[in-house]
Structure formats: C-alpha cells, structure tokens
Amino acid sequence: MTQELLKRSLGRDDWEEFRNLRLHALKSHPSVYGSSYARESLRSDVEWQDILESKTMRVFGAFNDKALVGLAAAYDWLSDETGKSACLGMWYMTPEFRKSSEFTDLVKLTIAWASAQNKYDRIVVSHREGNESSKAVNQRLGFEYFMTRADRWPDGPTADNYFYELRITK
Ligand SMILES: CC(C)(COP(=O)(O)OP(=O)(O)OC[C@H]1O[C@@H](n2cnc3c(N)ncnc32)[C@H](O)[C@@H]1OP(=O)(O)O)[C@@H](O)C(=O)NCCC(=O)NCCS
C-alpha cells in the first residue's frame, strides 16, 4: 500500500494535538496500556509540553495532512537500573490507518532515535496478553521474546505482560 502519512518527531508546539490523541487512545483502549485516562487527564498543559522536550524521551507522530493520527515513543526503561535499556510505548494508530504498515514505519523512527542515543544496549517493548496487533508489530521488526511478568493493569485485573527486546548493534 502507498505510504501516505507524514511521520516526524513531535515538538513543544504539537502539545495540544499530542494531548488530545494520547487521551483519546487511553479512553478508547483502557485495557492495553500501563497508564490510564484517569491518571493522564490530570496533567497540566505545561506537563504535556515538557514531555515533548524531555531529554530521556522522544515522541513521534504520524499526520494525515495536519491531523495527528498515530503516536509512538521511546524512553528510558525504568525497570533496568543500569540505564542501558530503552523502552517503546504510547503505541496508537487511528483505526482507519491500521494494518497499512504505516504504524510499523512510525515505530522505526523511535528505534532509530533510541539507537542514536549511544547509551542503550537494547530496546524493550511489551504487550498485554491477547494484544495480537501490538505483538504483530514487534515481531515484524525483529524483536525477540524474553520474559513474562504478571502486572496489575489500570482497568483492574492482573494479567500477563509479555516482554520483547531488540539488541542494538554498535
Ligand atoms: C497496535 C497498533 C498501533 C498496530 O497498528 P497497525 O496499524 O496494525 O500496525 P501495522 O499496519 O504497521 O501492522 C504491522 C503488521 O501487523 C499485522 N497485524 C496488525 N494487527 C494484527 C492482528 N490483530 N493480528 C495479526 N496481525 C496483525 C499487520 O497486518 C502487519 O503485518 P503484515 O504487513 O505482515 O501484513 C494498533 O492496532 C492500535 O492502535 N491498537 C490499539 C492500541 C494498542 O493496542 N496499542 C498498543 C499497546 S501495547
């Protein structure tokens, strides 16, 4: 399929579109994220802006003309105290643009950013049990499974979280 979406890093000026799509993703898919609409809807405008200028995180967006329709981010994985693991998250694509490979190309930008930081040995990503769409993307990009963790999810239940890694070759 022809690639039709513009993909780029988001900056401070993009904060309102970023906030709106992130909150929409959390509200419309309450079972797939480690965060929740209830938590993130409390963020101030400045907090949303600061995320887009963080030195330890980079958010990328896919645009259909001027409308933000996809999100993906890379950031320090706090579960690795050595600081040598990046993590990918905030994955969301508006339904009409799904299954077109556009999202996989957006994730490639987050991988390129993490690789260019020269401080990470690997990139980690995870999905809740049953999230086959998320798994399909990481498998397509060559991630390898390395662990399962039982997590308490914001919508209530404890369920398995499957983790995958991509080694960064220097
Ligand atoms: C996860 C998400 C961003 C993936 O977007 P997407 O548009 O399907 O991604 P892509 O088009 O790049 O898909 C990559 C591959 O996975 C395949 N795929 C997507 N969903 C699939 C599914 N449910 N089952 C099997 N394969 C699937 C695609 O067909 C494509 O494979 P192919 O090129 O070999 O045919 C999207 O489904 C989404 O926003 N889901 C809701 C939020 C969410 O779950 N976020 C992730 C939290 S961990």
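Structural data are supplied above this passage.
Residues numbered from 1 in each chain as written. Predicted model: local features only at pLDDT ≥ 70, side-chain atom pairs only at ≥ 80, totals over all residues.

### Comments concerning the pairing of strand β4 (residues 85–93)
In the case of a regular strand, side chains alternate between the two sheet surfaces. Put simply, the rule reads: Comment: burial labels come from other C-beta atoms within 10 Å of the residue's own C-beta, placed from the backbone, where a count of 20 or more is buried, 12 or fewer is exposed, and between is partly exposed. Helical segments are the DSSP runs of H or I of at least four residues, strand segments are the runs of E of at least two, and each set is numbered from the N terminus. A pair of strands is considered paired only if DSSP assigns at least 2 bridges between the two.
Of all nine residues that make up β4, nine are buried, and the element is covered over most of its length. Here six bridges tie strand β3 (residues 67–76) to β4, and the two strands are oriented antiparallel to one another. Opposite D76, over in β4, you have A86 as the bridge partner. As paired elements, β4 and strand β5 (residues 122–128) share three bridges and run parallel to each other. From the neighbouring strand, A86 faces β5, where its bridge partner is I123.

### Section: the environment of K66
On the secondary structure map, K66 appears in the loop between β2 (57–64) and β3. What makes K66 exposed here is the crowd of 7 C-beta atoms within 10 Å. Sequence spacing of K66 and L6 is 60 residues, and the spatial spacing of their C-alpha atoms is 9.1 Å.

### Concerning the site of the ligand
Put simply, the rule reads: In this entry, near means the residue's backbone-placed C-beta atom lies within 6 Å of the molecule or strand. The classification used treats Ala, Val, Leu, Ile, Met, Phe, Trp, Tyr, Cys and Pro as nonpolar, Asp, Glu, Lys and Arg as charged, and all other residues, Gly among them, as polar.
Around the ligand sit 20 residues, and of these R98, F103, T104, S133 and A136 come closest. For the shell around the ligand, the secondary structure elements donating two or more residues are β4, α4 (102–116) and α5 (132–140). At six residues, the largest contribution of residues to the shell around the ligand is made by α5. Here the shell around the ligand is built from residues that sort into eight nonpolar, eight polar and four charged.

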